Amino acid sequence: MQKKDIALLEISKIIVHDVPRHKKDDTSPQIDYSNKESNLTPELKLFFKDKLIEIINKKSFRVRFNSSSVSPVPVIISELNLSTPRKDLIEPSKKIAKHLYDIQKGTNPAGIIVIIEGVINSKNILSILKVERDEGAKIEKNTGQNYLDIVTVHDLLLTKKTKLFKASIFFNRIDYEIDYEGYVADNQLQISSMKEVADFFLSDFLGCEYYDDTRIMTKKFFEFTQIYITKVEDPIKKAKYYEHLLSYTNKPDNSLSFIEFSKEYLEINDRQTYEDHMRLFKFPEDNFRKDTVLIQSHITRMMIDFENDVSIISKKGDLDKKIILSAVENGFTKAEIISRIKKVYS
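Analysis parameters
- Numbers given to residues run from 1 along each chain, matching the order in which its sequence is written.
- The model is predicted, so local features are restricted to residues of pLDDT at least 70 and side-chain atom pairs to those at 80 or more, both for listing and for counting; the totals for chains, interfaces and linings are taken over all residues.
- The basis for the side-chain values is all heavy atoms of the structure; hydrogens and waters are excluded.
- Comment: elements are numbered from the N terminus, with helices defined as DSSP H or I runs of at least four residues and strands as E runs of at least two.
- Any two residues whose heavy atoms approach within 4.5 Å at even a single point are treated as in contact.
- Buried residues are those whose accessible area, probed at 1.4 Å on protein chains only, stays under 20% of the maximum for their type, while exposed residues exceed 50% and partly exposed ones sit between those limits.
- Pairing between strands is defined by DSSP: at least two bridges between the two strands are required.
- To form a nonpolar core, buried Ala, Val, Leu, Ile, Met, Phe, Trp, Tyr and Cys residues must be joined to one another through side-chain atoms within 4.5 Å.
- Within this document, salt bridges are pairs made up of a side-chain nitrogen of Lys or Arg and a carboxyl oxygen of Asp or Glu, the two lying within 4 Å of each other.

Chemist: I tried to follow the side chain of S255 on my own but got confused; where do I start?
Modeler: Of note, S255 is situated in strand β10 (residues 255–256). Those residues in contact with S255 that sit more than four places away from it in its chain are K59, F61, Y248, N287, F288 and K290.

Pasting the structure below:
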């Protein structure tokens, strides 16, 4: 099972619940539940399929259920994905919305919970989306049949008042022959996010944890990419790629991916060889959560040693526009620095 397989998703059911913002000790704002599934047209199925694919493919992480979590969501997901024929979606989806309501602390924005049921290659999936909206953005209810129609969510997503930041898709391990439960994306997170904020959607709500050890994955990505760079014959390109590696690893984002690094930082002719190099190490192509604690001493500076016993050190690991490297005859490299001398010492 790979992310690209999500393009084969066939949506069969969608149900919507509106979870209001409220303080933990104030239960006067009530959940607006749907008592039936939404009516789906081919256009609506395609719209939400495309939205799900977009956010999962962009920045999502492999996850597994946390056995020590008190969240009821993992059990609900497992039961819905295991059942054949599938169980009724209405009551389990209400329990998911109620759990979100119960764990809110007043700082969490109002959210529309969208539960999607479907199949990929005839195998069950369940997706949970949290659509966050401004207080002024209202979702209309079909009072006759007592349900929130997915059409209004579609319309709200086309405005600037509502955004899909959080998404998840879950599989049955046995059906898909995998050892993780699915993918989770939370595009509001940055690497500097407070832990309790970072844990809310993934851990507190979904009852999941990252499948990969984030510290080890970050270290392996850095070291395997270093090995590739050391084999680059052009010394100027080698220096440029090493600088790019430091820039990419230090960027203010919460995820890394060697596919992303390849596309954004390497020359076209080098991309395939680098990607093949990473696959030789069986490094996963999926995004993974960045944690630089094991490589911190390696990403804060960059040093270039020359054969004439001269070294150039950048304390911040950024040489761009501070030093100009150019090739000269006989395989030599010229380094130009234009700056004021700050200090001379031994």
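Chemist: What exactly am I supposed to notice about the pairing of strand β8 (residues 182–186) here?
Modeler: A regular strand places its side chains so that they alternate between the two faces of the sheet. For β8, the tally of buried residues reaches 5 of 5 residues, placing the bulk of the element in the interior. Along β8, one buried face is formed by G182, V184 and D186 and the opposite face, lined by Y183 and A185, is buried too. Sheet topology places strand β2 (residues 61–65) next to β8; 3 bridges connect them, and they run antiparallel. Note that in β8 the partner of R62 across the bridge is Y183.

Chemist: For this particular structure, what's the right way to read the nonpolar core?
Modeler: Within soluble globular proteins, side chains that are nonpolar tend to cluster in buried spots. Within the largest apolar cluster, 34 residues are counted, with the highest numbers of intra-cluster contacts made by V16, F48, I56, V114, V153 and I169. Going through the elements one at a time, β1 (9–19), α1 (42–58), β3 (111–120), β4 (123–133), α4 (150–157), β7 (162–171) and β8 are the ones with two or more residues in this core. Contacts of I56, omitting those with residues within four sequence positions, involve K3, I6, A167, S168, I169, Y183 and A185. Counting residues in hydrophobic clusters, the runner-up holds 28 residues, among them V63, L80, F170 and F201.

Chemist: In this structure, what is going on with the pattern of salt bridges? I would like to understand it.
Modeler: For side chains of opposite charge, pairing can occur when their charged atoms come near one another. In total, this model carries 18 salt bridges according to the counting rule given. Between K237 and D270 there is a salt bridge; the shortest N-O distance is 3.0 Å. With K237 in helix α8 (residues 235–250) and D270 in helix α10 (residues 268–280), the pair connects residues that are 33 residues apart, well separated along the chain. Exposure remark for K237: the relative accessible area of 18% places this residue in the buried category. Since its relative accessible area comes to 13%, D270 is described here as buried. When salt bridges that share partners are traced, they join K13, E37, R86 and E117 into one network.

Chemist: What should I look at first to understand the pairing of strand β12 (residues 302–305) in this one?
Modeler: The alternating pattern of β12 places M302 and I304 on a buried face, while none of M303 and D305, on the opposite face, is buried. Sheet topology places β12 next to strand β13 (residues 311–314); 4 bridges connect them, and they run antiparallel. Following the sheet pairing, I304 is matched in β13 by I312. Between β12 and the antiparallel strand that follows it, β13, lie 5 residues; D309 among them carries a positive phi value of about 70°.

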